Amino acid sequence: MLDRRRFLAAAGLGSVLASCRTAPAPLAFSQGQHVDAAAVRRLIVERHDAIQGRCRYVADLGSRAVAQPILVARRGAEFEAEIVNRLPQPTTVHFHGLVTPEAQDGAGFVVIAPGDSKAVRFRIFNRAGLYWFHSHVQGLTAEQVHAGLAGLFVVTDEEDAALDAALALPPANRLALAVADVRARGEQLSPYAPTAADCVTGWLGNRALVNGALDASFDVAPGWVRMQVLNACNARGLLFSFQGEKSLPFYLLGVDGGLLASPIEVDRVFVHPAERIDVAVNVAGQRAVSAISLAFDPRAQIQAEAPLMRHPIRERYAPLAAVEICRSDAGGPVVTPLPDGARMPLFSLRVGGQAPAAAPRMPERLSALPDAAAPTDAHVRRFRLDFIERTGFVIDGAPYRIDEIAFRVARGTREVWEIKNSPISMPHPMHLHGEGFRVLRRQGTYGPARALATAGNGRLPTDLGVKDTVVVWPNETVWIAVNFSLPPTSEFAGPQRYMFHCHNLEHEDGMMMRNYAIV
Ligand code: C2O
Ligand code: CU
Ligand code: CU
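Residues numbered from 1 in each chain as written. Chains lettered and ligands numbered in written order. Predicted model: local features only at pLDDT ≥ 70, side-chain atom pairs only at ≥ 80, totals over all residues. Heavy atoms only, no water.

### Considering the nonpolar core
Stage number 1. M227, F240, F242, V281, L346, F347 and L349 are the most contacted members of the largest nonpolar core, which totals 34 residues.
Stage number 2. Among the elements that make up this core, the one with the highest residue count is strand 25 (residues 344-351) (five residues).
Stage number 3. When neighbours within four sequence positions are excluded, F347 is seen to be in contact with L177, V210, A216, F218, M227, F240, V289, S290 and A291. (Core = buried A, V, L, I, M, F, W, Y, C linked by side-chain atoms within 4.5 Å. Buried < 20%, exposed > 50% of the residue type's maximum accessible area, 1.4 Å probe, protein only. Helix = DSSP H or I, 4+ residues; strand = E, 2+ residues; numbered from the N terminus. Contact = heavy atoms within 4.5 Å.)

### Observations concerning the coordination of the copper ion (ligand 2)
Stage number 1. Summarising the metal site, the copper ion (ligand 2) is bound by the protein donors H94 (NE2) and H431 (NE2), whose distances to it range over 1.9 Å. Separated by 337 residues along the polypeptide, H94 in strand 7 (residues 94-96) and H431 in strand 30 (residues 428-432) bring together distant segments of the chain.
Stage number 2. Overall, the relative accessible area of 1% leaves H431 in the buried class. (Donors = N, O, S within 2.8 Å, 3.2 Å for Na, K, Ca; no water.)

### Looking at the pairing of strand 34 (residues 496-502)
Put simply, side chains in a regular strand alternate between the two faces of the sheet.
Stage number 1. The buried count for strand 34 comes to six of seven residues, which makes it a mostly enclosed element.
Stage number 2. Pairing analysis gives six bridges linking strand 34 to strand 35 (residues 513-518), with the strands arranged antiparallel. Of the residues in strand 35, the one forming a bridge with R497 is A517. (Pairing = 2+ DSSP bridges.)

### Brief notes about the state of the cysteines
Stage number 1. Considering all chains together, one arrives at zero disulfides under this definition.
Stage number 2. The structure places no disulfide on C199, whose sulfur is separated from the nearest cysteine sulfur, that of C502, by 13 Å.
Stage number 3. Lacking any disulfide linkage, C233 is separated from the closest cysteine sulfur, that of C502, by 13 Å. (Disulfide = S-S within 2.5 Å.)

### So, the coordination of the copper ion (ligand 3)
Stage number 1. Taken together, H428 (ND1), C502 (SG) and H507 (ND1) make up the full set of protein donors to the copper ion (ligand 3), lying 2.0 to 2.1 Å away.
Stage number 2. One chain supplies every donor to the copper ion (ligand 3), and in sequence these donors are spaced H-x73-C-x4-H. Per residue, the accessibility class of C502 equals that of H507, and both read buried.

### A word on the packing of aromatic side chains
Given two aromatic rings, their pairing is described by the distance between the two centres and the angle made by the two planes.
Stage number 1. Tallied over the full model, the rule gives 29 aromatic pairs.
Stage number 2. Consider the rings of F242 and F250, whose centres lie 5.1 Å apart with planes at 90°: the pair is edge-to-face.
Stage number 3. Given the relative accessible area of 0%, F242 is considered buried.
Stage number 4. Here F250 falls in the buried class, since its relative accessible area comes to 1%.
Stage number 5. Their ring planes at 80° and their centres at 6.1 Å tell us that W417 and Y516 sit as a pair that is edge-to-face. With W417 in strand 29 (residues 414-421) and Y516 in strand 35, this pair connects stretches of sequence that are 99 residues apart. Residue W417 shares its accessibility class with Y516, and that shared class is buried.
Stage number 6. Put simply, the rings of F383, F407, W417, F484, Y498, F500 and Y516 touch in pairs and so form one group of aromatic residues. (Phe/Tyr/Trp six-rings, centres within 6.5 Å; stacked < 30°, edge-to-face > 60°.)

What follows is the structure in structure tokens.
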């Protein structure tokens, strides 16, 4: 399904690189619909399949259009485009992980009505890394993201290019991948139609959908393969691993907000919804390598049933899929999802072409990222993750209100946030808008995460980089350090509203979200 030659031609990568003003070092990208973010004039949001409710982003570059583009930009570049909503529902485009002013953040305070459009413009201040963009309308986020409204946004810089050079990556061996799970029988996807139970745990599928394809497979050359992987699932945690002839160890290079200081050799890492990993695996001597989410116990214990979330917006707009049609069709697919933590094949690499001389050695340093440290003068802010009957999961016992600002932080201050999950709960991937953060410490961790906590202070290797989303397991307390500085440019002048929420999308659409403001 993912034919490399076709994508190479469609991606037109040569012209992408030629149009960069700063003459960057060549990057080893090949597969996927890579598009220079600076070349995007319009980002069209459309439904392309009304029966199953599938939607997509289309980048209009003037001379051509690219469906489900992977945007690529240098750090420091500007992104300027018009977002055009051709959905029958309101939408927004949120740039997850990128530090943007409230007006460009697309976080749902102001939506784009069906038929309307919105101009966005921002500079990319973040480090190189895999970021992403997705719909963020309270009450419709889970449905729209699941329908396909999630795109990858790769930011590059010198350190990033230096790593590709050190690994001698052939162009086919650098991949940016969005891994979602869907309910599918054969090639047919089930439309999004959550039950009350799905609203409590989150919508789970039975198969992986990688860059829009079931059973995705990528052609790579022998040597190092570098993959930046987003967990784009609504609710499923992944325990990411590689399997060749036998289990293949790999290197963790980076996480949400870019490269770690040094690579860490691992054989499995957790990636929860909205988290990203940057990994390298040496496929020399292998013919095929599978990426697999290993089985694990998510330690979920949910005792109560919440009623089906009745969000006012859902009563005003019909679902994207012809759900009623499918329900009346007795022959339609009825698919049983796999529980969270079930083993799931994700995608495969087909290794072909000439074997090079031995793959180069993994560099010892990847970036100048300092160790995470707690600022001594920091104010500690405490959050509790709880379940309340009739509402579902909430932060600090308070259901989300779009017009409320739960707390304010002064620009330029540093804070330590203590996020405590209750013992009778499930893993919650907590996401912060506005600024990234560092993970300082975990406590009370048990089960499969505890076994991977080798990085000091109860942390896992995936805790060592810059994060914007961190999973908090049942019974666990996680401490993070946040620096609310924001860039000193005029776009950030005045109070900026952002949010802190669970990125299990059914929890986010439910009430597990709070607004805050940097003032
Ligand atoms: Cu990726 Cu507020 O979201
Ligand atoms: Cu976000
Ligand atoms: Cu949650």
